[in-house]
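As a plain string of letters, each chain reads:
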Amino acid sequence: MTYLIDRNRQRFFDDSLVFSFETYFYDPSPEATIDRMKKMGFKYLLIDLNAATIDKDPRHALTTRFEHLLHTMKARNLKLVDTDNLCLRFAIDMYKNGELQDPNAYIDVAGTNYESYRTMSGSEIAIARYTKQLNCNNTILRTLYS
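Structural notes, computed from the coordinates. (Residues numbered from 1 in each chain as written. Predicted model: local features only at pLDDT ≥ 70, side-chain atom pairs only at ≥ 80, totals over all residues. Heavy atoms only, no water.)

Time to look at the layout of surface pockets. Approximately 520 Å³ is the volume attributed to the second largest pocket. As for the second largest pocket, its lining consists of 21 residues, of which Y44, L45, L46, K79 and V81 are closest to the centre. Counting residues per element, the lining of the second largest pocket draws most heavily on helix α3 (residues 30–39), which supplies three residues. (1 Å grid on protein atoms, 1.4 Å probe; cavity = no way out; pocket = protein on both sides within 12 Å on 5 of 7 lines; lining within 4 Å. Points joined across faces, edges and corners; volume = space filled by probe spheres on them. Helix = DSSP H or I, 4+ residues; strand = E, 2+ residues; numbered from the N terminus.)

Side chains of L17, F19 and I54 sit close together on the surface and give an oily, nonpolar patch of about 290 Å² of accessible area. Take F19: it is sitting in helix α2 (residues 19–25). (Patch = residues over 30% accessible without salt bridge, like charges linked within 9 Å, V, L, I, M, F, W, Y side chains within 5 Å. Areas by Shrake-Rupley, 256 points an atom, 1.4 Å probe, with all protein chains shown as cover. Salt bridge = Lys/Arg side-chain N within 4 Å of Asp/Glu carboxyl O.)

The final tally for this structure, using the stated rule, is four aromatic pairs. Relative to Y26, the ring of F21 lies with its centre 6.1 Å away and its plane at 50°, an arrangement referred to as tilted. Given a relative accessible area of 5%, F21 falls into the buried group. Where F66 meets Y114, the ring centres are 5.4 Å apart and the plane angle is 85°; that geometry is what we call edge-to-face. Highlighted residues: F66 in helix α4 (residues 61–72) and Y114 in the loop between α6 (103–110) and β1 (116–120), separated in sequence by 48 residues. Positioned over the ring face of Y95 is K74, at 4.6 Å from the centre of the ring. (Phe/Tyr/Trp six-rings, centres within 6.5 Å; stacked < 30°, edge-to-face > 60°. Buried < 20%, exposed > 50% of the residue type's maximum accessible area, 1.4 Å probe, protein only. Lys NZ or Arg CZ within 6 Å of the ring centre and 35° of its normal.)

This brings us to the packing of helix α5 (residues 86–96) against helix α7 (residues 129–144). For the pair α5 and α7, the least separation of the axes is 10 Å and the interaxial angle reads 55°. When the interaxial angle is binned, α5 and α7 end up oblique. Considering how the two elements wind past one another, α5 and α7 form a crossing that is left-handed. Along its contact with α5, which presents L86, C87, F90 and M94, the element α7 presents C136, T139, I140 and T143. Here the residues of the contact of α5 with α7 sort into six nonpolar, two polar and no charged. (Axes fitted to C-alpha atoms, helices over the stretch in contact; angles between N-to-C directions. Parallel < 35°, antiparallel > 145°, perpendicular 65-115°, else oblique. Left-handed = near helix turned anticlockwise from the far one by under 90°. Contact = heavy atoms within 4.5 Å. Nonpolar A, V, L, I, M, F, W, Y, C, P; charged D, E, K, R; others polar.)

One ladder, built from five bridges, connects β1 with strand β2 (residues 123–127); its direction is antiparallel. Across the sheet, residue Y117 finds its bridge partner in β2, namely A126. Here β1 folds back onto β2 in antiparallel fashion, the turn holding two residues, of which S121 has a positive phi close to 55°. (Pairing = 2+ DSSP bridges.)

It is generally the case that most residues other than glycine have a negative phi and that most peptide bonds are trans. For V18, which is not glycine, the phi dihedral falls at a positive 65°. You can see V18 is positioned in the loop between α1 (8–11) and α2. One non-glycine residue, H60, lies in the positive phi region at around 60°. Position of H60 relative to the elements: it lies in the loop between α3 and α4.

The N-to-C vectors of α4 and α6 enclose an angle of 95°; their axes lie 11 Å apart at closest approach. Judged on the interaxial angle alone, α6 and α4 are roughly perpendicular. Contact residues: α4 offers E67, L70 and H71, while α6 offers P103, Y106, I107 and A110. For the contact of α4 with α6, the residue count by class is five nonpolar, one polar and one charged.

Take a look at the structure:
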């Protein structure tokens with residue numbers, strides 16, 4: 001993405017594997033995370049929504065970091081300028097309207113580009129991207145027709 005940004009060496013901070021975000025900015029409170037980023041001079045976030053698709057680590061560390069970033073998108077002090085991902089936009093709007101308050105339910109609608117992992121009954125299960133895409137579609141349809 002850097003070649004699209006004028007004076008990219010001064011104006012662009014690359015964190016494609018979400019390490020710096022997790023280490024320096026992330027807080028379970030999305031608003032606190034955004035406040036930290038604003039204090040450091042960040043005004044915009046460009047996010048590759050496919051970042052977690054490359055996670056091959058059996059611990060799924062990149063997926064966890066990326067999901068923390070997606071949870072940050074719920075912050076009331078953050079404005080989503082644009083996205084081509086209808087599911088992400090819908091999940092953020094539902095969260096801000098008081099729906100999708102459960103963190104897993106939010107991720108199952110917002111994070112449709114990659115597999116998620118959960119521990120259930122002592123074992124880890126994968127939530128496939130197509131399952132989350134179907135869940136997103138059903139959530140949108142339920143909202144439209146209720």
